[in-house]
Amino acid sequence: MDGDRPQGQINPGRYEDAVLGFRNHWYPAMLSTDIGEEQLVPITLLGENLLFKRIDGVVYAIADQCLHRGFKFSARPECYTKNTITCWLHAFTYNFKNGELIAIPSAPDSRLIGNRRLHSYPVQEVNGMVFAFVGDLVPVPPLSDDVPPGFLDADWCVVPAVNVSSACNWRLAADSGFDPNHIFIHKDDHFLKALDRPFPIANRLVGGDTFHEITEITGPGPKGLVDALGKSEPVFEFEFECEGERGRMASRIPPNEMAYMAYGSIQGSIWLPGVLKVDPWPILGMVHYEWYVPTDEKSHRYFIAWGRKTVDPVERAAFRDEVMTKWKHLGFDEFNKTDLEANLAVEVGTDGLPYKSAENLFEGDGYTLVWRRLASKFNRGVQVRGGAKA
Amino acid sequence: MDGDRPQGQINPGRYEDAVLGFRNHWYPAMLSTDIGEEQLVPITLLGENLLFKRIDGVVYAIADQCLHRGFKFSARPECYTKNTITCWLHAFTYNFKNGELIAIPSAPDSRLIGNRRLHSYPVQEVNGMVFAFVGDLVPVPPLSDDVPPGFLDADWCVVPAVNVSSACNWRLAADSGFDPNHIFIHKDDHFLKALDRPFPIANRLVGGDTFHEITEITGPGPKGLVDALGKSEPVFEFEFECEGERGRMASRIPPNEMAYMAYGSIQGSIWLPGVLKVDPWPILGMVHYEWYVPTDEKSHRYFIAWGRKTVDPVERAAFRDEVMTKWKHLGFDEFNKTDLEANLAVEVGTDGLPYKSAENLFEGDGYTLVWRRLASKFNRGVQVRGGAKA
Amino acid sequence: MDGDRPQGQINPGRYEDAVLGFRNHWYPAMLSTDIGEEQLVPITLLGENLLFKRIDGVVYAIADQCLHRGFKFSARPECYTKNTITCWLHAFTYNFKNGELIAIPSAPDSRLIGNRRLHSYPVQEVNGMVFAFVGDLVPVPPLSDDVPPGFLDADWCVVPAVNVSSACNWRLAADSGFDPNHIFIHKDDHFLKALDRPFPIANRLVGGDTFHEITEITGPGPKGLVDALGKSEPVFEFEFECEGERGRMASRIPPNEMAYMAYGSIQGSIWLPGVLKVDPWPILGMVHYEWYVPTDEKSHRYFIAWGRKTVDPVERAAFRDEVMTKWKHLGFDEFNKTDLEANLAVEVGTDGLPYKSAENLFEGDGYTLVWRRLASKFNRGVQVRGGAKA
Ligand code: FES
Ligand code: FES
Ligand code: FES
Ligand SMILES: [Fe+2]
Ligand SMILES: [Fe+2]
Ligand SMILES: [Fe+2]
């Protein structure tokens, strides 16, 4: 328990093996509104069961399994003081803030007291989200290395709005999020009709290898990729012929000149351990963030937050209202929910074994290949059942 | 994908290993009435997911998994023309008739176009049933080799009536179908009461080895076995003693001389890849067919069709009405449904591991042994997850 | 089938391996009231499927799987005489009392008849409970070796009251049953309030190693352990401090001098193959018995019976009424049901892999260690799927 690894010993693993995600990174566990004062919330991250508690406003997390015989605290949690949790089975009592075993009623002088502790997960609450660090690296890398650039800026107002579970592996969601060609699925989304916005059905690479122009961000700080969509060509209509019949796919709303420009100015970027930034989105002045957080081998948790620049408290409050009354509905229910549906059908189509069955990648898959390569190179270890991969 | 095997390379496998059925055979996938014009129907056969579509009256089938990333077409199928299917995820568009990849909106000049194709399953629709060939043999053997003799005759009128799923391995159903001793289960069936028909509770071999008189049909065309029930003795009543008490089992309707003759004139036969013919049944002039089609390791699909000789359109229509209003109810609901129940209890009794746990075969099991031997010798390969067994 | 092992060949196995329990022991299968005359009752014990039948008042048990092809008798049992069972599929008929195959209607002279038999499980019905012996040892050890001392005494009146299934491995229940420190879970039970009884929240060892004073009973007859609670100290109240706050746990009803004495006079003992005796409990003059009977790897059956000394028929009838109208409710619903809840949360907390994940045992776990050691030494073999471990 708690054999921490010094930072020198980082062994990045392959994306193909990261069925449970990458270890030693920060992940959003829940929204701030999901946990009230002294409330206990169990959450599974990367196959590990965590138990969160808010104490005097600050959120802490411990392993949701008693050291003694493995009782799951959250099955029937007991807290005799604000700062502790007591196992319901034999009353082992722990300091919730650091996991330390502090009392055993039936053996008050036990040598275990003060010498054993539950794994205590580093937690940081920022921008209305609760982040936890899943790993054993010391010192713990800063949260700022695991979120998109700018996310933590002081003049940046973030409103998180979505926290849902999705029954597919997290990598299907990450691959698809950064892949500009998946936009075909959005063509019937009411979001586009509500905004009367022409939207491409495909994205054609100019010269055939635009993806070489994807920018790799590999210096200090967050590691990620910035797309080069501005250099590619949005396709609003497509025709083909088969057996003498012609077929036609098209944007529901015909494009105008503005549509090409507007689409070209949208910049997507993806960051380790698995978070997408789209700027601007859904409208000018706003930025879209989404996370793909591994729960277990076959499910992940999907978060959305939207941001805009402002320090003014009144504007901040107004932006929050706008997100919760407008964008949560239009941006998620009528747009990104379609992504969840698409990912599920890949999980099912590959019999729950994505990355084991053959893919047939084409020229447009450069984004995905570059993402998998970057992720394989800069992660801090592959998570496996029972801890870090040796 | 689609590395076809020339017919010279047929490797029959053991029945004991054929948990997913025999590869390179024709199987009924559905009834003609199950698929309308331009309707898409997903069906799993031998562990493979197929997608069927009727185009201008003709039924075609392709693999229900996009070549690109594995999206399951049937999760949200899109067809921009009659002859094509378009993957909902990145719009790869295929010719449904041959599986060829014909267009990619985001890479219209991709080298994949025209060079990749989905597996396209040979389909033949006859006698109101849709048959598909699951395998990779070229040339594809004729359907007539995989159905009972006479089934395709021009003067033969077939009305298929039953297509249901059953939660047991297909072999339990095939073994039991050809086994004359399983008739014990039918003794209380309302079918017998409705027809006031004496029916044996067992079938006794004369001389103890009548099964040597089973006829093996192993020449060109269908491979199968024809029973020798005419030479065995139907048992309508049986008594035994135990611990001083006598027990008696008997046909609900006492037998008369006609009953012996009538039963002796019923001829059963079983054919690869797993179809039973009973002639005559349920009444003189009619023939009963039933198929056991592997779905996956623990379930199969059960089809019944009945036939009679006639070319007259009015008689054909009348026969169809008779089947659907009378025999579908009496012959299936009140008779063959009992077979499904019996097979389920063997699947459960052997913990889902039939053929792995010991059997204690007796003299009456000759039919089963001969069927397993014939099937092991003349099949065209054992199906395994991921394709044909090497 | 039925290759019996002479008693010389007993190979005790490790408790850690006994996921399916210990073979060659007697276990309660049901209560006498669960099976009426000529009623058939299927029960799974240690992963084996048994079928019970009461014939002329005596209960017998056979394997619930036909020797022929594995049909599960209980799926549709047929009995043509009181003493027999006939397989619904091909009518193999067995003597229920000894499992012998006595008749096959379709092969009345089969060499199998009289030469094959179903496994017949020894059964004994005592004290309102039906016990079965699961194993292959000959001669079969006496039931009296597998129940707590005194249980079979002639002047002892036993009323069994509880027979429920619990979704956790049997060992979690056995460990916890003999463990005096688990009493923490009972502090809110209505049983205590109903009896206005002070009850400790923990049990402190005096000198730190009281468990060396646990008495091992390893001579002829039942093998077991008798606790030394009288030498330990019940704890009715406990305080601790953490981060400047004080926490307090306490018995809902404050203790008086009598409470210490009363608690110290309660003697618990545990016996192979997994039965607890608590004397006196729930009140003076009564004795509590509970069994943990393995069903499969992840579930067991939990029985409770209560006893008191009396030979008078009127007193016996009154005691039965008292148990069924009072103690079944107070003693189980409002007390021991809490044990089931605790065990479930350990099964879940250890991901269904108790004994594979690390435990951190403390001074108070001596009881558990001694029990595991005794069980590992004196069992008659570890049960494995498919029979006894080689
Ligand atoms: S399992 Fe938690 S204190 Fe024993
Ligand atoms: S998965 Fe079908 S086109 Fe990409
Ligand atoms: S399976 Fe029981 S008689 Fe055949
Ligand atoms: Fe999307
Ligand atoms: Fe039948
Ligand atoms: Fe208890």
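Residues numbered from 1 in each chain as written. Chains lettered and ligands numbered in written order. Predicted model: local features only at pLDDT ≥ 70, side-chain atom pairs only at ≥ 80, totals over all residues. Heavy atoms only, no water.

A. Layout of the overall build of chain A. From N to C terminus, chain A includes 5 helices and 25 strands. Over its C-alpha atoms chain A spans a radius of gyration of 23 Å, differing by no more than 12% from the 21 Å that the globule rule assigns to 390 residues. With respect to the principal axes defined by its C-alpha atoms, chain A has extents near 85 × 50 × 40 Å. Put simply, chain A has 390 residues, and 58% of those count as buried. Summarising the internal contacts of chain A: among those between residues at least 6 apart in sequence, 65% fall at separations of at least 24. Per element, the accessible surface of chain A, about 14,700 Å² overall, is 51% carbon and sulfur. The averaged location of the 52 negative side-chain charges in chain A is 6 Å from the averaged location of its 40 positive side-chain charges. (Helix = DSSP H or I, 4+ residues; strand = E, 2+ residues; numbered from the N terminus. Rg over C-alpha atoms; globule rule 2.2 N^0.38 Å. Buried < 20%, exposed > 50% of the residue type's maximum accessible area, 1.4 Å probe, protein only. Contact = heavy atoms within 4.5 Å. Areas by Shrake-Rupley, 256 points an atom, 1.4 Å probe, with all protein chains shown as cover. Lys, Arg positive; Asp, Glu negative; His and termini not counted. Charge placed at Lys NZ, Arg CZ, Asp CG, Glu CD.)

B. View of the relation of the copies chain B and chain A. Taken as rigid bodies, chain B and chain A are interconverted by a rotation of 120° and an axial shift of 0.1 Å, the fit giving an RMSD of 0.0 Å. This pairing of chains is accounted for by a three-fold axis. (Least-squares fit on C-alpha atoms with pLDDT ≥ 70 in both.)

C. Geometry of the sheet that holds strand β2 (residues 25-31) of chain A. All names here are of chain A. Read across the sheet, 3 strands follow the order β2-β11-β10 without closing on themselves; strand pairing throughout is antiparallel. In this open sheet, the two edge strands, each paired with only one partner strand, are β2 and β10 (123-126). This sheet shows a mean twist of 30° between the axes of neighbouring strands, independent of strand direction. (Pairing = 2+ DSSP bridges. Axes fitted to C-alpha atoms, helices over the stretch in contact; angles between N-to-C directions.)

D. Looking closely at the coordination of the iron ion (ligand 5). All names here are of chain B. Distances from the iron ion (ligand 5) to its protein donors, His182 (NE2), His186 (NE2), Asp339 (OD) and Asp339 (OD), fall within 2.0 to 2.6 Å. In this structure, the iron ion (ligand 5) is coordinated by 4 donor atoms arranged in irregular fashion, with angles at the metal of 55 to 139°. Taken in sequence order, the residues that donate to the iron ion (ligand 5) follow the motif H-x3-H-x152-D. Of the two residues, His186 sits in the loop between α1 (170-178) and α2 (190-194) while Asp339 sits in helix α4 (residues 313-349), which places them 153 residues apart along the sequence. As far as burial versus exposure is concerned, His186 and Asp339 are alike and both buried. (Donors = N, O, S within 2.8 Å, 3.2 Å for Na, K, Ca; no water. Tetrahedral: all angles 85-135°; square planar, octahedral: opposite > 155°, others 65-115°.)

E. Summary view of the packing of aromatic side chains. Under the criterion given, the structure shown has 74 aromatic pairs over all chains. On the numbers, 6.3 Å between centres and 40° between planes, the contact of Tyr302 of chain B with Phe332 of chain B is tilted. A residue pair is termed long-range when its members are at least 10 positions apart, and Tyr302 of chain B in strand β23 (residues 299-309) and Phe332 of chain B in helix α4 qualify at 30 residues. We note that Tyr302 of chain B, like Phe332 of chain B, is buried. Each residue in the set Tyr15, Phe22, Trp170, Tyr355 and Trp371 of chain A is aromatic and connected to the rest through ring pairs, giving one cluster. We note Arg171 of chain A situated over the ring of Tyr355 of chain A; from NZ or CZ to the ring centre the distance is 4.3 Å. (Phe/Tyr/Trp six-rings, centres within 6.5 Å; stacked < 30°, edge-to-face > 60°. Lys NZ or Arg CZ within 6 Å of the ring centre and 35° of its normal.)

F. Molecular detail of the nonpolar core. Ranked by internal contacts, the top residues of the largest apolar core, which has 112 residues, are Phe52, Trp291 and Trp371 of chain C. Dropping the residues within four chain positions of it, Trp371 of chain C is found in contact with Tyr15, Ala174, Asp175, Phe178, Leu225, Ile270, Trp271, Leu272 and Gly274 of chain C. Formed by 111 residues, the second largest nonpolar core is a distinct cluster that contains Ala132, Phe178 and Leu276 of chain B together with Tyr94 of chain C. (Core = buried A, V, L, I, M, F, W, Y, C linked by side-chain atoms within 4.5 Å.)

G. Local environment of the sheet that holds strand β15 (residues 215-217) of chain B. Residues and elements named next belong to chain B. Ordered by their spatial adjacency, 7 strands build an open sheet running β13-β23-β22-β21-β20-β16-β15, and the pairing between neighbours is antiparallel. The two strands at the open ends of the sheet, each matched to only one other strand, are β13 (156-166) and β15. When strand polarity is set aside, the average angle formed by the axes of neighbouring strands in this sheet is 15°. Relative to strand β21 (residues 275-279), strand β20 (residues 267-271) is paired through 5 bridges, and the arrangement is antiparallel. Pairing of Ile270 across the sheet is with Leu276, part of β21.

H. Summary view of the coordination of the iron ion (ligand 6). The protein atoms that coordinate the iron ion (ligand 6) are His182 of chain C (NE2), His186 of chain C (NE2), Asp339 of chain C (OD) and Asp339 of chain C (OD), at distances of 2.0 to 2.6 Å. In this structure, the iron ion (ligand 6) is surrounded by 4 donor atoms whose angles at the metal cover 55 to 139°, and the resulting shape is irregular.

I. Broad picture of the domain arrangement of chain A. Residue and element names in this part refer to chain A. Segmentation of chain A into domains returns domain 1 (25-134) and domain 2 (143-388). Its C-alpha centre places domain 1 at a distance of 34 Å from the equivalent point of domain 2. Listed by partner, the interface residues are 20 residues for domain 1 and 24 residues for domain 2. For the domain 1 and domain 2 pair, buried surface summed over both sides reaches about 2,000 Å², with 65% attributable to carbon and sulfur atoms. Where domain 1 meets domain 2, there are 0 salt bridges. Our count for the domain 1 to domain 2 interface comes out at 10 residue pairs in polar contact (both at pLDDT 80 or more). If one sorts the elements of the side of domain 1 that touches domain 2 by residue count, β2 sits on top with 7 residues. Residues belonging to the side of domain 1 that touches domain 2 are distributed by class as follows: 12 nonpolar, 6 polar and 2 charged. (Domains from an automatic or database assignment. Buried area = accessible area lost by both parts, 1.4 Å probe. Salt bridge = Lys/Arg side-chain N within 4 Å of Asp/Glu carboxyl O. Polar contact = N/O pair within 3.5 Å; in protein donor to acceptor, adjacent residues only side chain to side chain. Nonpolar A, V, L, I, M, F, W, Y, C, P; charged D, E, K, R; others polar.)

J. Structural context of the side chain of Gln383 of chain B. Residues and elements named next belong to chain B. Examined against the element boundaries, Gln383 turns out to sit in strand β24 (residues 383-384). Owing to a relative accessible area of 2%, Gln383 belongs among the buried residues under this scheme. Within polar-contact distance, the side chain of Gln383 engages the side chain of Arg23 at 2.9 Å.

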